[in-house]
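An overview of the molecular structure
Residue-level listing of the chains:
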Amino acid sequence: MPPRPSPPAPAAAPDVRPIGRRERNKRDKLRRILAAATELFTAHGYSAVSTQQIADAADVGTGTLFRYAGSKAGLLMLVMNEQLRIGVERGVALARSGAAPADAILALVTPLVEAGSRHPENTAVYQRETLFGTGPERETAAAEVARIESAIEEILRIAAASGRPHDPDRPARAPHRPAHDPDHPALEPGRSARDLGRTAHAIYSTMYMDIVRVCMGRAPADDLTGRLRESVDHLLGGLGAHNEGCK
């Protein structure tokens, strides 16, 4: 009889040390600043809000405010970075729960769409600071942008693995069609990771340009969501069944 294997070593106990008062106070101040900046920028737009207004609404001094963000633009970056983080989590969760790929992808950029529709300058400042700004908020923004593209790729992988159909003509919230429906082919499970990565990049880049056009006043904001859906539907159509001419 072979010897019995040794039992696995017990897992290390998680670090459950309580958070100190100083750290709790820091987190509480950041929460209040983020909530105040979110409300004011959303309601009035970037230009109409001052750092003093945000400090007053958060019940902190301006000196304290600038310990959490180095400038007014940094405060907007804090707000948008947090909103994008929430959008990414929601979009991936929708995909995992069985939502249509286009719905999940659009959920990722909902914060940018809403900001661009209400106050285009908010999104314009965010994009400017993401590209040319300095400070830790810019690094976080760059990471969030990368997460959006990675999340699109994950949504495509989920759809391809499940054989979920892409139907751009379906009404909103309609039940999904069966994966074998020849009129609405499923996202192709045989697609390589490289193909999905390229498609994710194309989808993100196209959505980004649609949003930037609104920020620059080159396109109306009232139907931005509809234009984004058309773009996503068109690009997702390329992930359907095999092209017979390429076999």
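For the structure, check the block above.
All values derive from a computational prediction rather than experimental measurement. Each residue is numbered by its place in its chain's sequence as written, counting from 1. Under the rules for a predicted model, residues below a pLDDT of 70 receive no local features and side-chain atom pairs below 80 are neither given nor counted, while totals for whole chains, interfaces and linings still include all residues. As a rule here, side-chain values come from all non-hydrogen atoms in the structure, and water together with hydrogens is ignored.

With that settled, consider the overall build of the protein. Numbered from the N terminus, helices here are DSSP runs of H or I no shorter than four residues, and strands are runs of E no shorter than two. If you tally the helices and strands in the protein, you get 10 helices and 0 strands. Start at the N end of the protein and walk to the C end: the helices and strands fall as α-α-α-α-α-α-α-α-α-α. The buried label goes to any residue with under 20% of its type's maximum accessible area, the exposed label to any with over 50%, and the partly exposed label to all in between, with areas taken from a 1.4 Å probe on protein chains only. Each of the 247 residues in the protein was classed as buried or not, and the buried ones make up 40%. In the protein, the proportion of contacts linking residues at least 24 apart, taken out of those at least 6 apart, comes to 70%. Of the accessible surface of the protein, which amounts to about 14300 Å², a share of 54% is contributed by carbon and sulfur atoms. Only heavy atoms enter the contact rule, under which two residues are in contact if any of them lie within 4.5 Å. We get accessible surface area from the Shrake-Rupley algorithm with a probe of 1.4 Å; when it comes to residues, only the shown protein chains can shield them.

Here the focus is the packing of helix α1 (residues 21-44) against helix α2 (residues 51-58). Axes are the key here: two packed helices are described by the angle between their axes and the distance separating the axes. Taken N-terminus to C-terminus, the directions of α1 and α2 make an angle of 125°; their axes are 8 Å apart at the nearest point. Comparing the axis directions of α1 and α2 gives the class oblique. Where α1 crosses over α2, the handedness of that crossing is right-handed. Each of Arg32, Ile33, Ala36, Ala37, Leu40 and Phe41 in α1 lies in contact with α2, whose residues at this interface are Gln53, Ile54, Ala57 and Ala58. Counted by class, the contact of α1 with α2 contains 8 nonpolar, 1 polar and 1 charged residues. For helices, the axis comes from a line fit to the C-alpha atoms of the stretch in contact; other axes are also lines fit to C-alpha atoms, and the angle between any two N-to-C directions lies between 0 and 180 degrees. In these notes the angle categories are as follows: under 35 degrees is roughly parallel, over 145 is roughly antiparallel, 65 to 115 is roughly perpendicular, and the rest is oblique. Handedness of a helix crossing follows the sense of rotation of the near helix relative to the far helix, less than a right angle counterclockwise being left-handed and clockwise being right-handed. Classes in brief: Ala, Val, Leu, Ile, Met, Phe, Trp, Tyr, Cys and Pro nonpolar; Asp, Glu, Lys and Arg charged; the others, Gly included, polar.

Turning our eyes to something else, we now look at the packing of aromatic side chains. What counts as a ring pair is set by centres within 6.5 Å for rings of Phe, Tyr and Trp (its six-membered ring), and what kind of pair is set by the plane angle: stacked under 30 degrees, edge-to-face over 60, tilted for all other angles. Following the criterion strictly, the structure yields 2 aromatic pairs and no others. Taking 5.8 Å as the distance between ring centres and 20° as the angle between the ring planes, the aromatic pair formed by phenylalanine 41 and tyrosine 46 counts as stacked. As far as the burial class goes, phenylalanine 41 and tyrosine 46 line up, both buried. Charge over a ring is defined by NZ of Lys or CZ of Arg lying within 6 Å of the ring centre and within 35 degrees of the ring normal. Lying over the aromatic face of tyrosine 46, lysine 72 brings its terminal NZ or CZ to 4.4 Å of the ring centre.

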